[in-house]
Amino acid sequence: MDQCVTVERELEKVLHKFSGYGQLCERGLEELIDYTGGLKHEILQSHGQDAELSGTLSLVLTQCCKRIKDTVQKLASDHKDIHSSVSRVGKAIDKNFDSDISSVGIDGCWQADSQRLLNEVMVEHFFRQGMLDVAEELCQESGLSVDPSQKEPFVELNRILEALKVRVLRPALEWAVSNREMLIAQNSSLEFKLHRLYFISLLMGGTTNQREALQYAKNFQPFALNHQKDIQVLMGSLVYLRQGIENSPYVHLLDANQWADICDIFTRDACALLGLSVESPLSVSFSAGCVALPALINIKAVIEQRQCTGVWNQKDELPIEVDLGKKCWYHSIFACPILRQQTTDNNPPMKLVCGHIISRDALNKMFNGSK
């Protein structure tokens, strides 16, 4: 991550210079245009189009040309400075990142079945992102057949998410009502929070929407048991409609962050109903790979330097433990306290009568040993 921060810092410097240069360039050119335009107007008024220029006007035009030349040279010089900053970004990338990562790849990793699985994961990722045309093109080029019913849920979810991003709640409310029983089964508060946001949007209209807000409050009745306090706060805010919610103790109801929160809640609950993870498996794998790659490149270089090529020859096992951070913790991993190895499908954990848990390989060694 330090390498990413270093490159990002250089990139921010370039963007800052670009922004400053653009403003300077625009201001300088506008001043030149105004100056030359005013000079042209003055000449036409004083002498006409065909009259000869006086010595004074010739001197003024000479100064104007010099000013234009100086401005252009200044802009060109500043532009060269930006080029040097851009080249520093490239040098920072070359310095902090290894351009050749093929050394940590495993030959024969992507066989026919593995390639098909990768294509399926990529197609699902594009469906999640709403890039349906890209997903369909990938299916055609890779010869992958995808059931249309597999695509339809993602189309609907992306449509609802796009509506939420522009603060349109109706599609999400319709979806939540139609899936109410399943949402209740997984203890979701999505429908209540959607109704709450719609009620707040009515409050923002002031006394004009008072009657409609009171009428809409009936939608809170099914949620009174679990969200009594939140409903009381919403009802209390009605007292301040005349002076405006933004000037009342209930101003926290207008927090803009709740729109981002409702998008996250909808994504999480919708994915749970579809039996999908909240995050795309492709993006999770890519992020984990970015974290693990520096350590793997280093250990590969050490292995080659010490000529220990047999240490890393298994496709499903790494020679060292790579800490991916808590964000990538999805399943607990049991390590055998006797053999100091992580358990696998071929070597699962076994529980003894005494309550201790060891790996099956350790149990076989104990069984076949003298003890």
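As a reminder, the structure under discussion sits directly above these lines.
Quick notes on the rules
- Residues numbered from 1 in each chain as written.
- Predicted model: local features only at pLDDT ≥ 70, side-chain atom pairs only at ≥ 80, totals over all residues.
- Heavy atoms only, no water.
- Helix = DSSP H or I, 4+ residues; strand = E, 2+ residues; numbered from the N terminus.
- Contact = heavy atoms within 4.5 Å.
- Phe/Tyr/Trp six-rings, centres within 6.5 Å; stacked < 30°, edge-to-face > 60°.
- Lys NZ or Arg CZ within 6 Å of the ring centre and 35° of its normal.
- Buried < 20%, exposed > 50% of the residue type's maximum accessible area, 1.4 Å probe, protein only.
- Salt bridge = Lys/Arg side-chain N within 4 Å of Asp/Glu carboxyl O.
- Axes fitted to C-alpha atoms, helices over the stretch in contact; angles between N-to-C directions.
- Parallel < 35°, antiparallel > 145°, perpendicular 65-115°, else oblique.
- Expected span 1.5 Å × (residues − 1).
- Core = buried A, V, L, I, M, F, W, Y, C linked by side-chain atoms within 4.5 Å.
- Patch = residues over 30% accessible without salt bridge, like charges linked within 9 Å, V, L, I, M, F, W, Y side chains within 5 Å.
- Areas by Shrake-Rupley, 256 points an atom, 1.4 Å probe, with all protein chains shown as cover.
- Lys, Arg positive; Asp, Glu negative; His and termini not counted.
- Charge placed at Lys NZ, Arg CZ, Asp CG, Glu CD.

**Brief notes about the overall build of the protein**
Move 1: Looking only at helices and strands, one finds 13 helices and 2 strands in the protein.
Move 2: Pairs at least 24 apart in sequence give 57% of the contacts found in the protein among residues at least 6 apart.

**Observations concerning the packing of aromatic side chains**
Here the distance between the centres and the angle between the planes together describe a pair of aromatic rings.
Move 1: Under the counting rule described, the total for this entry stands at 7 aromatic pairs.
Move 2: Geometrically, the ring pair formed by Phe192 and Phe223 is tilted, given 5.8 Å between the ring centres and 55° between the ring planes. A residue pair is termed long-range when its members are at least 10 positions apart, and Phe192 in helix H8 (residues 190-203) and Phe223 in the loop between helix H9 (210-216) and helix H10 (228-236) qualify at 31 residues.
Move 3: Aromatic side chains Tyr240 and Tyr250 sit 5.7 Å apart centroid to centroid with 55° between the ring planes, which places their arrangement in the tilted category. One end of the pair, Tyr240, is in the loop between H10 and helix H11 (257-274); the other, Tyr250, is in the loop between H10 and H11, and 10 residues separate them in sequence.
Move 4: Taken together, the aromatic side chains of Phe192, Phe199, Phe220 and Phe223 make up a single cluster linked through ring pairs.
Move 5: The ring of Tyr35 carries Arg67 above its face, with NZ or CZ at 4.5 Å from the centroid.

**Remarks on the environment of Leu339**
Move 1: As for its position among the elements, Leu339 is in the loop between helix H12 (281-305) and strand E1 (349-351).
Move 2: Take Leu339: its relative accessible area is 23%, and that puts it in the partly exposed class.
Move 3: For the pair formed by Leu339 and Ala362, sequence separation is 23 residues and the distance between their alpha carbons is 6.4 Å.
Move 4: With residues up to four places along the chain from it excluded, the contact list for Leu339 reads Ser359, Asp361, Ala362 and Lys365.

**Focus: the environment of Leu254**
Move 1: For Leu254, the location among the structural elements is in the loop between H10 and H11.
Move 2: Among the residues examined, Leu254 registers a relative accessible area of 28% and is labelled partly exposed.
Move 3: Note: C-alpha distance between Leu254 and Ser201 (53 residues apart in sequence) is 8.6 Å.

**What to know about the pattern of salt bridges**
Move 1: One pass over the full model with this rule turns up 8 salt bridges.
Move 2: Between Glu120 and Arg116 there is a salt bridge; the shortest N-O distance is 2.9 Å. Note that Glu120 and Arg116 are positioned in helix H3 (residues 112-128) at a spacing of 4 residues, about one turn of the helix.
Move 3: For Glu120, a relative accessible area of 35% puts it in the partly exposed group.

**Remarks on the packing of H3 against H12**
Move 1: Their axes nearest at 8 Å, the elements H3 and H12 cross at an angle of 110°. Considered as vectors, H3 and H12 are oriented roughly perpendicular to each other. Note on element contacts: H12 touches H3 through Pro281, Leu282 and Ser283, opposite Val121, Met122, Glu124, His125 and Arg128.

**What to know about unusual backbone geometry**
Move 1: Unlike most non-glycine residues, Arg167 shows phi in positive territory, near 65°.
Move 2: Among the structural elements, Arg167 can be located in the loop between helix H5 (148-165) and helix H6 (170-178).
Move 3: Although it is not a glycine, Arg340 adopts a positive phi angle of roughly 60°.
Move 4: For Arg340, the position within the fold is in the loop between H12 and E1.
Move 5: Judged by its relative accessible area of 71%, Arg340 falls in the exposed class.

**Side note on H11**
Move 1: For H11, with 18 residues, the first-to-last C-alpha span of 26 Å sits near the 26 Å given by 1.5 Å per residue.
Move 2: Buried residues along H11 sit in contact with H3, H5, H6, helix H7 (180-185) and H8.
Move 3: Backbone geometry just after H11 places Gly275 at a positive phi near 75°.

**Examining the nonpolar core**
Move 1: Within the largest apolar cluster, 37 residues are counted, with the highest numbers of intra-cluster contacts made by Leu164, Leu169, Trp175, Leu190, Leu194, Phe199 and Phe266.
Move 2: Listing elements by their share of this core, those giving two or more residues are H5, H6, H8, H9, H10 and H11.
Move 3: In terms of residue count, the dominant contributor to this core is H8 (9 residues).
Move 4: Contacts of Phe266, omitting those with residues within four sequence positions, involve Leu157, Ile160, Leu161, Leu164, Trp175 and Leu190.
Move 5: Judged by nonpolar contacts, the second largest core, of 8 residues, contains Val123, Phe127, Cys139 and Leu144.

**A short note on a negative patch on the surface**
Move 1: A surface patch of negative charge is lined by Glu26, Glu30, Glu31 and Asp34.
Move 2: Tracing the backbone shows Glu31 in helix H1 (residues 2-47).
Move 3: Residue Glu31 is classed as partly exposed on the basis of its relative accessible area, which comes to 44%.

Everything listed is a geometric property; what it means functionally is a separate question.
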